[in-house]
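Residues per chain, in single letters:
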Amino acid sequence: MRKLIVSTMVGLDGCFDGPNRDLGRLPMDDFFSVHNAERMRAADVLLFSGRLTYQDFLGFWPARLDSDETVLRVIAERCEVVAKVVVSDRIAENPEGRWAASTTVVRRVDAADRLTAVKREGGGDIVMFGGRALANSLFAAGLVDELHVMVAPVMVPDGIRAFDEDVLPALRLVDVRRFDGSQNTLITYERVPAR
């Protein structure tokens, strides 16, 4: 069975997103990129929390296919080949454009059932970067297997908290990583199985 991994970055206050989707306070350094490349190498499904995130990726990553930075090129190449699942009520069910053939749109009401089926198919990981609302609903549905949180030594004034306290399951610490030259810390948790 596939693992569903939520990977996000937060400040010390637990916030990831400032007003107007401003991520500028978070230091997305080489460690951030290396971790994302690792996640993408292990995944064969990229889960998007909505239309805007999907459009952000589609607008950013194809231009990095010729990047001189190997880690960015790896992420861009993986974005081209992995299956993409977009959970959205605001995007056409049959999107057009570069990634149309590898993209499936799932309505929010159907997300838990569809993702349960995708997990059962087997294969590489399902990875989602960020996506507060969807992540919280997936936690509530018991579908998230691992949580990867990169913590930056900053505060995000007027930020949005990454997680709702009432939906996080019991988690077990798996790993804590540092990276030379980075002040960020990566903390990995796995869901404690229900008894």
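My aim in this report is to walk through the structure given alongside it, one point at a time. Source: prediction; values computed, not measured.

**Considerations on the overall build of the protein chain**
Across its full length, the protein chain holds five helices and ten strands. At 16 Å, the protein chain has a C-alpha radius of gyration in line with the 16 Å of a compact globule built from 195 residues. Its C-alpha atoms give the protein chain principal-axis dimensions of about 50 × 40 × 30 Å. For the protein chain, buried positions account for 47% of its 195 residues. Across the protein chain, every contact between residues at least 6 apart in sequence was considered, and the portion connecting residues at least 24 apart equals 72%. If you sum the accessible surface of the protein chain, you get close to 10,000 Å²; carbon and sulfur atoms cover 49% of it. With 25 positive and 29 negative side-chain charges, the protein chain shows a separation of 3 Å between the mean positions of the two kinds.

**Concerning the nonpolar core**
Counting 27 residues, the largest nonpolar core has Leu4, Val6, Leu47, Leu138 and Phe139 as its most contacted members. Elements represented by at least two residues in this core include exactly strand E1 (4–10), strand E3 (43–48), strand E4 (83–87), helix H4 (111–120), strand E6 (125–129), helix H5 (132–140) and strand E7 (146–151).

**Quick notes on unusual backbone geometry**
Trans is the prevailing form of peptide bonds, just as negative phi is the prevailing case for residues other than glycine. The phi dihedral of Asp158 is positive, around 55°, even though this residue is not glycine. As for its placement among the helices and strands, Asp158 is situated in the loop between E7 and strand E8 (160–161).

**Focus: the environment of Phe57**
In this structure, Phe57 sits in helix H2 (residues 51–60). Along the backbone, Phe57 and Glu80 are 23 residues apart, and their C-alpha atoms lie at a distance of 11 Å. Setting aside residues up to four positions removed in sequence, Phe57 forms contacts with Leu46, Phe48, Pro62, Cys79, Trp99 and Phe129.

**Observations regarding helix H1 (residues 30–42)**
Here H1 contains 13 residues, and its C-alpha end-to-end distance of 19 Å stays within 8% of the 18 Å for a straight helix at 1.5 Å per residue. Every buried residue of H1 is listed here: Phe31, Phe32, Ser33, His35, Asn36, Ala37, Arg39 and Met40. Residue Asp29 occupies the N-cap position of H1, its side-chain oxygen lying 3.1 Å from the main-chain nitrogen of Phe31.

Reading the values: the criteria
- Residues numbered from 1 in each chain as written.
- Predicted model: local features only at pLDDT ≥ 70, side-chain atom pairs only at ≥ 80, totals over all residues.
- Heavy atoms only, no water.
- Helix = DSSP H or I, 4+ residues; strand = E, 2+ residues; numbered from the N terminus.
- Rg over C-alpha atoms; globule rule 2.2 N^0.38 Å.
- Buried < 20%, exposed > 50% of the residue type's maximum accessible area, 1.4 Å probe, protein only.
- Contact = heavy atoms within 4.5 Å.
- Areas by Shrake-Rupley, 256 points an atom, 1.4 Å probe, with all protein chains shown as cover.
- Lys, Arg positive; Asp, Glu negative; His and termini not counted.
- Charge placed at Lys NZ, Arg CZ, Asp CG, Glu CD.
- Core = buried A, V, L, I, M, F, W, Y, C linked by side-chain atoms within 4.5 Å.
- Expected span 1.5 Å × (residues − 1).
- Polar contact = N/O pair within 3.5 Å; in protein donor to acceptor, adjacent residues only side chain to side chain.

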